Amino acid sequence: MSKPQQVRVPDIGDFDAVDVIEVLVSAGDTVAAEQSLITLESDKASLEVPAPQAGKVVEVLVSVGDKVSEGTPIVTLEAAADTSEDLVSSPADPAPSAAAEERAPEPQAPARPGAAAAKDNDADITTALVVIGAGPGGYAAAFRAADLGLDVTLVERYPKLGGVCLNVGCIPSKALLHAARVIREAQDMSSHGVRFKAPEIDADALRQWKDSIVSQLNGGLAGLAKKRKVRVIQGEAEFTGSHQLAIRTVDGTLQLQFEQAIIAAGSHATVLPDAPEDLRIMDSTGALELTEIPARLLVIGGGIIGLEMATAYSALGSRVSVVEMTDTLIPGADRALIKPLHKRLEQECEAIYTGTRVSDIKATKKQIRVSLEGKDAPETAIFDRVLVAIGRRPNSRRIAAEQAGVKLDEQGFIRVDEQMRTSAPHIFAIGDIAGEPQLAHKATHEGHLAAEVAAGQRRGFDRRVIPSVAYTDPEVAWVGLTEEQARQQGLDYAVGSFPWSASGRALGQNRPEGMTRLIFERGSERIIGAGIVGPNAGELIAECAHAIEMGSEAEDIALTIHPHPTLSESVGLAAEAFTGTLTDLYLPRKRGNHKP
């Protein structure tokens, strides 16, 4: 080895005081020529500074958070060959000029071995980016990163891609909910002169249809991964270091070395404390298997998942009871939206108990005995099956995230910044594991963003417009601020509301119980929230989300011509109710709700 020399920041164009976002080596490390030493981030791109030649790191002169410029010393390197001057490295990815960025707003980041990967010769696999979890967020992140030129490895514990959402969650539940809707619509028409015989439920055929939808989408994802040359590994991943994973597969354990990682490992169903282990006590995954249609079903939890399953099983023939600890169903939504759903569920279910808790569950040979505590609930009740839907918890500890230096909060969620970076800057977290709301569409957007940041782009996530949907009957959807949140924040707001009892399309569908409610900020008259209850509310809420995103005022929405007769025109009519221009109803003019 030669005399130690300083490695300095090379020419990085017009940039000055660039942030150090990652230090990839430590004193004592042996590095190869062109191995990355640190990562810098300007307002245009990220770039890595590699070692100009092989040698041993004597001292690291910078830390994460430091600001450096051309010529700043970053490490002292004892090089293999003599050098008479300080070493100035060439950046692996030079900072693009403004003109170059304008021509190519999404530069293709070259695939290259990670700095950490080069230090471990015992690794079975090295990769620039590993994505843990192939749900909607995970596969979106992997595919986006591959499109941007990164070498990507995708690890998934299920035999097929898609994660909980596709395999045992969102997609199969919507198939069952569609079947339930067809049954209910047929029943509803009986009083209007169209009568059908009682449906014959072939549970096996229904299950096969549901499973075929899942398989079709599984195959599509596998094909997309192959076309993008994403390496897919089936197994359970666990961090063993800041740049290392151990992946347990059916053939043994693989050691994987990565430069960057995106954690998309999702969540698991919360277990009811002290409940006996019995196949008749199910979580949502068990309920979707549809092994039988029980005569009597208890749903513990009146949130979105519980009520969706209550809707499906009730239509399929089960006598369903729902127990919810709080005094309202779907606590996160405004109560005005929940009233029509609650009323219909009371007609379709055997019982709805709010403000009630389950104090004990006992499994007998034939049935499940449940003890209840609540004002209107019986002390005990007997059921054939019980569905526990009381929430989901992050899988952060299952993957040993803390062994990679990733910090968790008290609930086990991974803390991230607006770029989805964790406390370890080279590791990102998205989806359920990164906090509420636990929604697939949120995870997808976070996955795209994390992949783009990993590829060197500057992005930030705006969490204010994330729609929520309960695919019950009727559907309930909301976006932006709820009325309760607006009150808590002390905002001066007003509501424009349109009841579907005045909608020709809703009446023609025999569903007049719905409503559309838009929340506007007084003064600016900008829309800050919206809620819809009724059939297809989940489809209609997208217009409201876009209006909030674009900062639309009430008149922007009211003057947008909506097709008639449709349910979507209720959005425009709700805005007219706020501006005072509505003619489909007579509403006393209220001062302060609109501009003069």
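What this report covers is the structure whose coordinates are included nearby.

The rules behind these values
- Residues numbered from 1 in each chain as written.
- Predicted model: local features only at pLDDT ≥ 70, side-chain atom pairs only at ≥ 80, totals over all residues.
- Heavy atoms only, no water.
- Helix = DSSP H or I, 4+ residues; strand = E, 2+ residues; numbered from the N terminus.
- Buried < 20%, exposed > 50% of the residue type's maximum accessible area, 1.4 Å probe, protein only.
- Contact = heavy atoms within 4.5 Å.
- Areas by Shrake-Rupley, 256 points an atom, 1.4 Å probe, with all protein chains shown as cover.
- Pairing = 2+ DSSP bridges.
- Axes fitted to C-alpha atoms, helices over the stretch in contact; angles between N-to-C directions.
- Phe/Tyr/Trp six-rings, centres within 6.5 Å; stacked < 30°, edge-to-face > 60°.
- Lys NZ or Arg CZ within 6 Å of the ring centre and 35° of its normal.
- Expected span 1.5 Å × (residues − 1).
- Polar contact = N/O pair within 3.5 Å; in protein donor to acceptor, adjacent residues only side chain to side chain.
- Salt bridge = Lys/Arg side-chain N within 4 Å of Asp/Glu carboxyl O.

Some details on the overall build of the protein
Counting its secondary structure elements, the protein contains 15 helices and 31 strands. Every one of the 596 residues in the protein was classed for burial, and the buried ones make up 52%. Counting contacts in the protein only where the partners sit at least 6 residues apart, residues at least 24 apart contribute 64% of the total. For the protein, the exposed area adds up to about 27500 Å²; of that, 49% sits on carbon and sulfur atoms.

A look at the sheet that holds strand E22 (residues 368-373)
Taken together, 3 strands build an open sheet; the order of strands is E21-E22-E23 and the sheet is antiparallel. Of all the strands in the sheet, the pair left with one neighbour each is strand E21 (357-363) and strand E23 (380-383). Averaged over all adjacent pairs, the angle separating strand axes in this sheet is 25°, with direction ignored.

Things to note about the packing of aromatic side chains
The final tally for this structure, using the stated rule, is 3 aromatic pairs. A centroid spacing of 6.0 Å and a plane angle of 75° characterise the contact between Phe 239 and Phe 258, whose relative ring orientation is edge-to-face. Of this pair, Phe 239 sits in strand E13 (residues 236-241) while Phe 258 is found in strand E15 (residues 252-263), placing the two residues 19 residues apart along the sequence. The exposure class assigned to Phe 239 is buried, which follows from its relative accessible area of 0%. On the basis of relative accessible area, Phe 258 is assigned to the buried category, the value being 0%. Sitting over the ring of Phe 383, Arg 296 keeps its end group 4.8 Å from the ring centre.

With respect to helix H9 (residues 335-348)
Compared with an ideal rise of 1.5 Å per residue, which puts 14 residues at 20 Å, H9 spans 20 Å between its outermost C-alpha atoms and is within 8% of the ideal. Buried residues of H9: Leu 337, Ile 338, Pro 340, Leu 341, His 342, Arg 344, Leu 345 and Glu 348, and no others. Contacts made by the buried residues of H9 are with helix H5 (170-188), helix H8 (304-316), strand E20 (351-354), strand E28 (476-480), strand E30 (515-521) and strand E31 (527-533).

Things to note about the environment of Glu 569
By the element assignment, Glu 569 lies in helix H15 (residues 569-579). On the accessibility criterion, Glu 569 (13% relative accessible area) is buried. When the C-alpha positions of Glu 569 and Arg 505 are compared, they lie 9.6 Å apart, and in sequence the two are 64 residues distant. Contacts of Glu 569, omitting those with residues within four sequence positions, involve His 562, Pro 563 and His 564. Reaching out from Glu 569, the side chain makes a polar contact with the side chain of His 564 at a distance of 2.8 Å.

Examining the pattern of salt bridges
According to the stated counting rule, one finds 28 salt bridges in the structure shown. Here Asp 473 and Arg 511 are joined by a salt bridge, their closest N and O atoms 2.8 Å apart. One end of the pair, Asp 473, is in the loop between strand E27 (468-470) and E28; the other, Arg 511, is in the loop between helix H12 (504-508) and E30, and 38 residues separate them in sequence. As far as burial versus exposure is concerned, Asp 473 and Arg 511 are alike and both buried. In the salt-bridge network here, residues are joined through shared partners; they are Arg 184, Asp 188, Arg 344, Glu 348, Asp 473, Arg 511 and Glu 513.

Focus: the pairing of E20
Here strand E19 (residues 319-324) pairs with E20 via 4 bridges, running parallel. Counterpart to Ser 321 in the pairing with E20 is Ala 351.

Examining H8
Helix length check: H8, at 13 residues, gives a terminal C-alpha distance of 19 Å against a target of 18 Å (1.5 Å per residue), a fit within 8%. Buried residues dominate H8, accounting for 11 of its 13 residues. All buried positions along H8 are accounted for by Gly 306, Leu 307, Glu 308, Met 309, Ala 310, Thr 311, Ala 312, Tyr 313, Ser 314, Ala 315 and Leu 316. Residue Gly 317 follows H8 closely and has a positive phi angle near 120°.

Observations regarding the sheet that holds strand E29 (residues 493-499)
With antiparallel pairing, 5 strands are arranged side by side in an open sheet as E27-E28-E31-E30-E29. Only two strands of the sheet have a single partner each, and these edge strands are E27 and E29. Looking at each pair of strands side by side, their axes are set apart by 10° on average, direction ignored. Where E27 meets E28, 3 bridges bridge the pair, whose relative direction is antiparallel. Paired with Val 469 across the strands is Ala 477, a residue of E28. Each of E27, E28, E30 and E31 touches helix H13 (residues 537-549); the most contacted strand, E31, lies at about 175° to it. Contacting E29, E30 and E31, H15 crosses the sheet at an angle of about 130° to E29.

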